[in-house]
Amino acid sequence: GAGVSQSPSNKVTEKGKDVELRCDPISGHTALYWYRQSLGQGLEFLIYFQGNSAPDKSGLPSDRFSAERTGGSVSTLTIQRTQQEDSAVYLCASSKEGSGGYNEQFFGPGTRLTVL
Amino acid sequence: AQSVTQLGSHVSVSEGALVLLRCNYSSSVPPYLFWYVQYPNQGLQLLLKYTSAATLVKGINGFEAEFKKSETSFHLTKPSAHMSDAAEYFCAVSERNAGNMLTFGGGTRLMVKP
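Below you will find a few notes about this structure. (Residues numbered from 1 in each chain as written. Chains lettered and ligands numbered in written order. Predicted model: local features only at pLDDT ≥ 70, side-chain atom pairs only at ≥ 80, totals over all residues. Heavy atoms only, no water.)

Right, let's get into the overall build of chain A. Across its full length, chain A carries zero helices and ten strands. Taken from the N to the C terminus, the helices and strands of chain A come in the order β-β-β-β-β-β-β-β-β-β. The C-alpha atoms of chain A give a radius of gyration of 13 Å, which matches the 13 Å a tight globule of 116 residues would have. For the C-alpha atoms alone, the extent of chain A along its principal axes is close to 40 × 30 × 25 Å. (Helix = DSSP H or I, 4+ residues; strand = E, 2+ residues; numbered from the N terminus. Rg over C-alpha atoms; globule rule 2.2 N^0.38 Å.)

Right, dumping it as structure tokens:
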């Protein structure tokens, strides 16, 4: 079956612009995660959705970052008023269920965001 | 808060040599532990995971890792390196019953010399 897909694969934007990054999880996976991979900070957790529960937003670095998940499937990560420090690869992952912490997370190929 | 330390951001081995990538975690309660591999311009792929069954865990591509509670370690090994093993390796943990998000180590880039 299809894996996790993300679009676009690359995004170049100007400082101050808003961007939207999309993630399509594996069908049937109820949990969805966003991570950020940057040279300075490594791999960081951003936000976690589990079913219809309120998302865990504890990893979002500022209020310029937000995410939503529609219909329990597709998710969009939005970054408003982008800054150069937002440049990174944004990774999406999904898993069968979120409770317990032991289920394998399947990662997408990422979106490389460059803020000029 | 959890933290994961991977000693050595770069490791170089000869083809056929033993691979040893180190991972230590900080937690008062043994977490779930994972090793992921990332090939250039690709996403992360799970190599293996420890979820409190056997302490020696076997994964894909001939890799294995041993959970040692007394040392809070989960080092990754492979008896004989292959050129195709060149990639970046990440150790990660998730806390039991405290959400499912992964906390990653800084990564180790493995280089394999012919």
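What follows concerns the pairing of strand β3 (residues 19–24) of chain A. Residue and element names in this part refer to chain A. The two faces of β3 differ: Val 19, Leu 21 and Cys 23 on one face are buried, but Glu 20, Arg 22 and Asp 24 on the other face are not. Across three bridges, the pairing between strand β1 (residues 5–7) and β3 is antiparallel. Each residue of the ladder has a partner; that of Ser 5, found in β3, is Asp 24. Sheet topology places β3 next to strand β7 (residues 75–79); five bridges connect them, and they run antiparallel. Following the sheet pairing, Leu 21 is matched in β7 by Leu 77. (Buried < 20%, exposed > 50% of the residue type's maximum accessible area, 1.4 Å probe, protein only. Pairing = 2+ DSSP bridges.)

With respect to the helices and strands, Ser 95 of chain A occurs in strand β8 (residues 88–95). Sequence-distant contacts of Ser 95 of chain A, defined by excluding residues within four places in its chain, comprise His 29, Thr 30, Ala 31, Tyr 33, Asn 103, Glu 104 and Gln 105 of chain A together with Asn 100 of chain B. (Contact = heavy atoms within 4.5 Å.)

On their own, these measurements won't tell you what the molecule is for.
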